[in-house]
Amino acid sequence: MRKVFEIGGVVAAAVLIAFGIAAIVMGSNGQNTVNSSIKQEQITGTPDMSPNGIAAEVKSAQTAQTALFGKLNAAGIKLAPSPIVTPGCTVAGPLVDNGDQAR
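Residues numbered from 1 in each chain as written. Predicted model: local features only at pLDDT ≥ 70, side-chain atom pairs only at ≥ 80, totals over all residues. Heavy atoms only, no water.

Q: Could you clarify how one ought to interpret the overall build of the protein chain in this entry?
A: Within the protein chain one finds three helices and two strands. Against the compact-globule benchmark of 13 Å for 103 residues, the protein chain has a radius of gyration of 25 Å, which places it well outside the compact range. For the C-alpha atoms alone, the extent of the protein chain along its principal axes is close to 70 × 45 × 20 Å. Sorting the 103 residues of the protein chain into buried and exposed places 8% on the buried side. Excluding contacts between residues fewer than 6 apart, the proportion of contacts in the protein chain whose partners are at least 24 apart in sequence is 72%. A total accessible area of about 8100 Å² is found for the protein chain, and carbon and sulfur atoms account for 66% of it. Where the 7 positive side-chain charges of the protein chain centre and where its 6 negative ones centre are 14 Å apart. (Helix = DSSP H or I, 4+ residues; strand = E, 2+ residues; numbered from the N terminus. Rg over C-alpha atoms; globule rule 2.2 N^0.38 Å. Buried < 20%, exposed > 50% of the residue type's maximum accessible area, 1.4 Å probe, protein only. Contact = heavy atoms within 4.5 Å. Areas by Shrake-Rupley, 256 points an atom, 1.4 Å probe, with all protein chains shown as cover. Lys, Arg positive; Asp, Glu negative; His and termini not counted. Charge placed at Lys NZ, Arg CZ, Asp CG, Glu CD.)

Q: Which parts of the structure should I look at to understand helix α2 (residues 55–74)?
A: Count 3.6 residues to each turn of an α-helix, and residues three or four apart come out pointing the same way. Over its 20 residues, α2 extends 28 Å from the first C-alpha to the last, a length consistent with the 28 Å expected when each residue adds 1.5 Å. Among the residues making up α2, those that are buried are V58, Q65 and F69. Relative to the axis of α2, the buried residues are bounded by an arc of 25° and lie together on one face. Opposite the buried face of α2, at more than 90 degrees from it, the exposed residues are A56, K59, T63, K71 and A74. (Expected span 1.5 Å × (residues − 1). Arc of directions from axis to C-beta.)

Q: I tried to follow the side chain of Q65 on my own but got confused; where do I start?
A: Here Q65 shows up in helix α2. Among the residues examined, Q65 registers a relative accessible area of 18% and is labelled buried. Other than its neighbours up to four places away in sequence, Q65 contacts P81, S82 and I84.

Q: Is there a simple way to think about the pattern of salt bridges in this case?
A: Side chains carrying opposite charge are able to pair once their charged atoms draw close together. Tallied over the entire structure, the rule returns one salt bridge. With a shortest N-O distance of 3.3 Å, R2 and E6 are connected by a salt bridge. Of this pair, R2 and E6 both sit in helix α1 (residues 2–41), four residues apart, roughly one helical turn. With relative accessibility at 66%, the residue R2 sits in the exposed group. By relative accessible area, E6 is classed as partly exposed at 37%. (Salt bridge = Lys/Arg side-chain N within 4 Å of Asp/Glu carboxyl O.)

Q: Can you help me understand α1 in this one?
A: Between its first and last C-alpha, α1 extends 58 Å over 40 residues, near the 58 Å set by a 1.5 Å rise per residue. Q42 sits one or two residues past α1 and shows a positive phi near 50°.

In short, shape yes, function no, at least from these values alone.
If you want it as structure tokens, here you go:
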């Protein structure tokens with residue numbers, strides 16, 4: 001019986017090592033796919049893709065959110081709105097050609 005457990009342990013270790021190698025290969029392949037796809041798409045930020053450019057939209061969304069949650073609270077549904085955070089960076093103008101810039 002001890003021999004069966006030893007062989008089972010070796011087989012389990014081999015399977016886990018194979019899964020680890022496969023995960024590394026798939027992750028690398030996915031990273032290459034994302035980077036090549038982003039380069040092909042030639043994504044360029046529009047002029048309104050900056051904190052100042054979207055400030056009016058953020059303000060409008062906050063106003064609509066406040067009105068909606070006011071109605072919900074008046075109806076007896078007590079919920080708190082989630083904050084709308086304005087990004088601190090700008091993507092207006094430059095070409096986005098890798099995964100880090102896209103993030």
